[in-house]
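# Notes for the structure review
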Amino acid sequence: MRSRSNSGVRLDYYQRIVHRLILAHQEPVTGLFPASNVNSHAWIRDNVYCILAVWGLSMAYKKIADQDEDRAKCYELEQSCVKLMRGLLMAMMNQKDKVERFKMTQSPFDSLHAKYSSKNGLPVVGDNEWGHLQIDAVSLYLLILAQMTASGLQIVFSLDEVSFIQNLVFYIESAYSIPDYGIWERGDKTNHGEPELNASSIGMAKAALEAMNELDLFGARGGPASVIHVLADEAHKCQAVLQSMLPRESNSKELDSGLLCVIGFPAFAVDDAQLIHNTRDAILSRLQGKYGCKRFLRDGYRTPKEDPSRLYYERWELRMFENIECEWPLFYCYLILFHAFQNDKVLVQEYANRLEKIMVRSEDGTLLIPESYAVPQDLVGFEYQKPGSQERVVVGRCPFLWGQSLFILGRLLQEGFLAVGELDPLNRRLGAQKKPDVVVQVVIIAEDNEIRDKLAEHDLHVQTIADVAPIEVQPARVLSHLYTYLGRNRKLGLSGRKSRDVGILSTSKLYSLKDRIFAFTPQFVDLSRFYIASDNELMIDILKGEINFLKSAWDLLGRPLVTLVLKRIHLDQDKIPLAMIQTMRKLKSGYINGTRVMLGNLKDFLNTSAITDLSFLGSTEDGYPDRLHPDVQTYLDEHLLRSFSNRSTMNLRGGQLRPRHLRRRMSCKGAIKKTRSINVDSDNLGMEGPTPLTERRLSSIVPPPWLQPNKQGHVSTFATTPEEGPSSPPQLGGDLGLRENIYPMDPQHSRSAIDRRSEFVRQQEITVPKILIQRHRVDTNFADTEVDELIAMLRETENLEEQGDILQYLVDTQGLDFNTGMLEEGRVVTIRDLLKGLYEKACQEKLWGLVRHTAGMLGKRVEDLGKAVTDLLVRQKQVTVGMPPNNEHTITAPLPEVELRQLIHDAYGDDESTAMLTQELMVYLAMFIRTEPQLFHEMLRLRVGLIIQVMAKELSRTLNCDGEAASEHLLNLSPFEMKNLLYHILSGKEFAVSSVARGNLSIVSCKSSRVSKKSQIGLGDPEGEDALTATIDDRQGQWLRRRRLDGALNRVPRDFYSRVWTVLEKCQGLAIEGRVLQQSLTQEMTPGELKFALEVETALNQIPQPEYRQLVVEALMVLTLVTEHNMVPSLGDIICVEHLVHKANQLFLEDQRKVQGDATLCCAKLKDGKEQQQAASGMLLCGGAAYICQHLYDSAPSGSYGTMTYLSRAVALVLDCVPKHGEMECAIS
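As annotated in an unreviewed UniProt entry, the protein carries the name Phosphorylase b kinase regulatory subunit and is attributed to Drosophila arizonae. Of the comments in the UniProt record for the protein, the one headed Sequence similarities (unreviewed entry) reads "Belongs to the phosphorylase b kinase regulatory chain family." Among the UniProt annotations of the protein, the heading Subcellular location (unreviewed entry) holds the following wording: "Cell membrane".

Here you go:
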């Protein structure tokens, strides 16, 4: 420290400045700061920033307080901080009803106000007269409240205030999915009042959630009741979304200087040093000027071109603001603090010097920070010509208190009165430092002794639930229920936490409650949730993913602890599945997929795990904080008895198996199959018709009691073992694939089925060949006896597939709630009950096609569907469902589960199986985007319908089977294999299909690119296959497949959209499949703006064929090369991109005729396309999409016969602007 005299004198100087510039404006009654002398409104954000200088100065005085007057000054400054923070707290508590409503609705009209009256703290504008929803402001308040409390200030006085702040935590915890108006109160930059997801809000919320976690608001004097609890998963979701967005601010703002407060002081919200660096560099390179930084590109606020008579901008006028946006000195203050925290003295000095040049001196010589600098009206023309050349003038308030306060903080740091740690007592600034590796602890517990003994046979020694006492093991839903008691307060009318979601970070801790300790199993193993939980392999795969996630996301004290219970239901024919044994051995070895793990018993991990106290469950409001809340007590008592007791329906009993011939069939055969809408190949659709039926014998199984006449009791379940007769073709055990030739059929009864079948086929020949949704309603002219007969049949058939067909038929004719006339334990059995029984059995039998279909008929929805869709949307990926081109629905904003389910249902009509598959795939896509975001680079829209089609196409290619068989195989893949196939398609890896037990397919990666294309499944000789394909060399089809995959996944080259923007600048417009992208889009949007990318994407999505779409993308890339090399000043009129592709095809075919290439077998031999029939059906001989030869799709982009060569030639021929004669430099290499 310097000698008292100097530092004391200098601090007194700052104290005078702070008093004159800041404290003189503080309202004596409320403690709030008005916006200016003429505007008495107090903004939350500005008020919190204003007080930071006062807080910093108080801490500087505290250090040198060797005289009483210094101590007095220090106390006085501290109390000003407390006064302001409490003033804001009172203003927000007056709106407690809004906080309660907002937890449910998340509507902008239910949000806390962004500004209050500085005179009395009451609202100053109506709910819908201002963009009040600004999550960053409330988050900033909570963050600074936490930092001030940690520095020793007492701001919160009562437990009611603690409850309110706990509810403010719930208010911001979903920030990652709530569009708001952001730090500039604008929302979309045209200022039409549309909120957007803003990275600056999400970052501030993440910081506030982490700062508040386990914080005692009463400081050192508090107890368990004054501690704030945050679910770690919510903060982590904010972090993941923030990382996926940076350096973008929102859909309309590709960059924003406001992000400086997220990557540096006060939030320090980013953990990745490289990302911090990239974001700062992007801001400096594109927004920094001589007088500070621009807020964002094309910001019209206070520019001379702005029309002050209206708040909003017209879309076309945004272009006028380019290069004349106001520059704000405020951001230099942020940059000084940013570099002071990085301890980079050189850069701190550089920005301090820059700031000094642009500050305004008052009469008494004080340096003031003005709000912003604008170009004067008369110099605008010169500024347009040479950006940054003109002198600017001050506009707005001076001094601008937000900036002034940060400037003073910067000076206190520079002169050594404060250390960076004092401004950040919670040590948030250390977040980006490298952390040691996390060791994940895993505990496996057996449900009972029998399972424990089975594991011991494999040398795996575990405890049972009884052995781990006194620690109690509970499912995650118990924890989620307990958390609903957090923050409840009767006096304030606050109801606690609304979200029922508890993630893996929350279940990986131990919880203490009085003298009990709880461990919770993760949410994904909760069997009541969805059918994918009954696929053991998938659950193991998810477990590996979650362990990997814990390695990167865990930042609490102690090690994460994953508790798993192995139950009866997990057994496969009374054995522990091999996959589970293998995984446990891996865990035992200490490493799994590169993550360090420890397998052990619960009691060994008590000292090393994170333990959270559930003290908020006490009856504090009734004055008994030491007693459990009576409701909690009742819930726990009931639940402890129930949670792990066996449900009798799950009892596994194998029946005696006796072979027996199947009885007569009725006309409901194939009812499920008729609802399918995945269609792969349009060329061989007419080939199925009534096929000769071969007999197949199935071993009989004991029918469940509700299918047996007059029997009661619990549902028994069983396994099937198909016996193949020598005559029957090689069959897939539980497969729906070839149901046409499985059962013997009675000619009388099957008549109508065959008629319907052939009529169905005829319809398919007429409609658009690509896809068809068959709305199938059976003629209801069967008498009631028919229904009785069907139910009798249902009793006597043991084949689950047939039961499915009969039930599908009954649902179509009678509806789900039809009373079957059967009774079970005195209760009426409806068709819905029968379906539920069938669904549960199909789950155990692992007949996945049937499982998906019955789940769809029962209207089941994936528990996490809404969450999955949100996970995709908040990472700027839009999702479409339904089959292109007619039934695609785009989801652009998070929707409630019920609406999502309805939307998917509408998109697929009656095809329940595909609707279920869509939900399932969305969940897998969300898993991948959380764990492997790099798979989704350069993809903006995920078209689930198209992905399903491509999955079926890929199966049909690898298995050499027709489309219908392929779609059946697809629907019968186990959830694990489905996820695997999706992964291979997303990553573009080659795969082969091998058959494993019981006819299930298994997807295996191929290390080499040369895989045997012949399937390892015997599907008989592929008839109807072209003689061509048998002799094909492996390399053929490689580029076609790649284009098909990229087209279906909407993958584009890097910087594609911003390069299309430059093309659009040079022509009147681009026409794609009837959609025209107008040149005016460049007036409205900047090149890197997400809204522009979505416009281009929408036009490209008009193209139904993925491989054709990809060629159009390539054509656009050729155009960008023409513009980037400035070959011509303008490209002329509207360019029709498809003309270029068709021209290239024409040139290709001409060359093929010359060299007698492959295409002479198909397109090159057509006499100028005169074969009418071919043209009418829309099909070329080679099956190429959109009249483009298949062989062109299969050409590599480069090389003399490559697609780029032909597209470049086409551009030269079609565009008038390219000179036809003379020499020209060829820039396209």
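## Considering the nonpolar core
Tyr141, Leu142, Leu145, Met212 and Leu406 are the most contacted members of the largest nonpolar core, which has 149 residues in total. Top element by residues in this core is helix H2 (residues 44-64). It accounts for 14 residues. Those residues in contact with Leu142 that sit more than four places away from it in its chain are Ile165, Leu168, Val169, Ile172, Ala208 and Met212. Of all hydrophobic cores here, the second largest spans 128 residues; its members include Phe549, Met857, Leu900 and Leu1049.

## Re the sheet that holds strand S24 (residues 878-881)
If you walk across this open sheet you meet the three strands as S25-S24-S26, and the pairing is mixed. In the strand order of this sheet, the two ends are held by strand S25 (889-891) and strand S26 (941-943), each with one partner. Here the average twist between neighbouring strands, direction ignored, is 25°.

## Some thoughts on the side chain of Glu234
Of note, Glu234 is situated in helix H8 (residues 232-245). When near neighbours in sequence (up to four residues on either side) are disregarded, Glu234 contacts Glu173, Tyr176, Leu209, Arg497 and Asp501.

## What about the sheet that holds strand S29 (residues 1067-1072)?
Pairing within the open sheet is mixed, and its three strands lie in the order S30-S29-S31. The outermost strands of the open sheet, each flanked by one partner alone, are strand S30 (1075-1078) and strand S31 (1132-1136). Shown here is a sheet whose adjacent strand axes are inclined to one another by a mean of 20°, direction ignored. Note: S29 against S30, four bridges, orientation antiparallel. When the sheet's bridge partners are listed, Ile1072 is paired in S30 with Arg1075. Most of the contacts of helix H39 (residues 1137-1155) go to S31, to which it runs at about 65°, and overall it touches S29 and S31.

## A closer look at helix H11 (residues 330-341)
Taking 1.5 Å per residue as the helical rise, H11 with its twelve residues ought to reach 16 Å, and the 17 Å between its terminal C-alpha atoms agrees with that figure. All of the buried residues in H11 are Leu330, Phe331, Tyr332, Cys333, Tyr334, Leu335, Ile336, Leu337, Phe338, His339, Ala340 and Phe341. Two residues or fewer past H11, Asn343 is found with a positive phi of approximately 60°.

## Here we look at the side chain of Ser200
Mapped onto the fold, Ser200 is located in helix H7 (residues 199-212). Filtering out sequence-adjacent residues up to four positions away, Ser200 remains in contact with Asp136, Ile183, Glu249, Gly258, Leu259 and Val262.

## Here's the deal with the pattern of salt bridges
Scanning the model with the defined rule gives 64 salt bridges in all. Residues Asp501 and Lys237 are paired through a salt bridge, measuring 3.1 Å at the closest nitrogen-oxygen approach. With Asp501 in the loop between strand S13 (494-495) and helix H18 (504-507) and Lys237 in helix H8, this pair connects stretches of sequence that are 264 residues apart. Residue Asp501 shares its accessibility class with Lys237, and that shared class is buried. Beyond isolated ion pairs, a larger network of salt bridges with shared partners links Glu173, Glu234, Lys237, Arg497, Asp501 and Lys867.

## Observations concerning the state of the cysteines
Taken as a whole and assessed by the stated rule, the structure comprises zero disulfides. Looking at Cys81, it has no disulfide partner, and the nearest cysteine sulfur is the one in Cys74, 9.7 Å off.

## A word on the packing of helix H34 (residues 1038-1048) against helix H38 (residues 1106-1124)
Remark: H34 packs on H38, axes separated minimally by 7 Å, with the N-to-C direction vectors making an angle of 90°. Relative to H38, the element H34 is oriented roughly perpendicular. Residues Leu1040, Arg1043, Arg1044, Asp1046, Gly1047 and Ala1048 of H34 touch H38, and the partners they reach there are Pro1106, Glu1107, Arg1109, Gln1110, Leu1111 and Glu1114. Considered class by class, the residues forming the contact of H34 with H38 number four nonpolar, two polar and six charged.

## Details of helix H14 (residues 401-414)
With 14 residues, H14 extends 20 Å from end C-alpha to end C-alpha; this agrees with the ideal 20 Å at 1.5 Å per step. Across the 14 residues that make up H14, a large majority, twelve, are buried. Along H14, the positions that sit buried rather than exposed are Leu401, Trp402, Gly403, Gln404, Ser405, Leu406, Phe407, Ile408, Leu409, Gly410, Leu412 and Leu413. Looking one or two residues beyond H14, the residue adopting positive phi is Gly416, at roughly 80°.

## Looking at the confidence of the model for the protein
When pLDDT is averaged along the protein, the result is 81, and 83% of the positions lie at 70 or above. Predicted confidence in the protein is weakest over helix H33 (residues 1027-1030), with a mean pLDDT of 34, and strongest over helix H5 (residues 135-150), with 98. Segment residues 644-666: pLDDT under 50, and 57 contacts once partners within four positions in sequence are set aside and those in other chains are kept. The low-confidence segment residues 1168-1178, where pLDDT is below 50, has six contacts with residues more than four positions distant or belonging to other chains.

## A closer look at the packing of aromatic side chains
In the structure shown here, the tally under the stated rule is 26 aromatic pairs. Ring plane angle 85° and centroid distance 6.0 Å describe the contact between Trp184 and Phe331, whose orientation is recorded as edge-to-face. With a gap of 147 residues between them, Trp184 in the loop between helix H6 (159-173) and H7 and Phe331 in helix H11 connect regions that are remote in the sequence. Given the relative accessible area of 0%, Phe331 is considered buried.

## Digging into the environment of Val562
With respect to the helices and strands, the residue Val562 is situated in strand S16 (residues 561-566). Val562 has contacts with Val440, Gln441, Val442, Val443, Ser508, Pro522, Leu543 and Leu550, leaving out every residue within four places of it along the chain.

## Observations regarding the pairing of S24
On S24, burial covers both faces: Gln878 and Thr880 on one face and Val879 and Val881 on the other are all buried. Of the strand pairs in this sheet, S24 and S25 are connected by three bridges, and their pairing is antiparallel. From the neighbouring strand, Val879 faces S25, where its bridge partner is Ile891.

Basis of the calculations
Residues numbered from 1 in each chain as written. Predicted model: local features only at pLDDT ≥ 70, side-chain atom pairs only at ≥ 80, totals over all residues. Heavy atoms only, no water. UniProt positions renumbered as here; feature names shortened; annotations may be inferred. Core = buried A, V, L, I, M, F, W, Y, C linked by side-chain atoms within 4.5 Å. Buried < 20%, exposed > 50% of the residue type's maximum accessible area, 1.4 Å probe, protein only. Helix = DSSP H or I, 4+ residues; strand = E, 2+ residues; numbered from the N terminus. Contact = heavy atoms within 4.5 Å. Pairing = 2+ DSSP bridges. Axes fitted to C-alpha atoms, helices over the stretch in contact; angles between N-to-C directions. Expected span 1.5 Å × (residues − 1). Salt bridge = Lys/Arg side-chain N within 4 Å of Asp/Glu carboxyl O. Disulfide = S-S within 2.5 Å. Parallel < 35°, antiparallel > 145°, perpendicular 65-115°, else oblique. Nonpolar A, V, L, I, M, F, W, Y, C, P; charged D, E, K, R; others polar. pLDDT = per-residue confidence, 0-100. Phe/Tyr/Trp six-rings, centres within 6.5 Å; stacked < 30°, edge-to-face > 60°.

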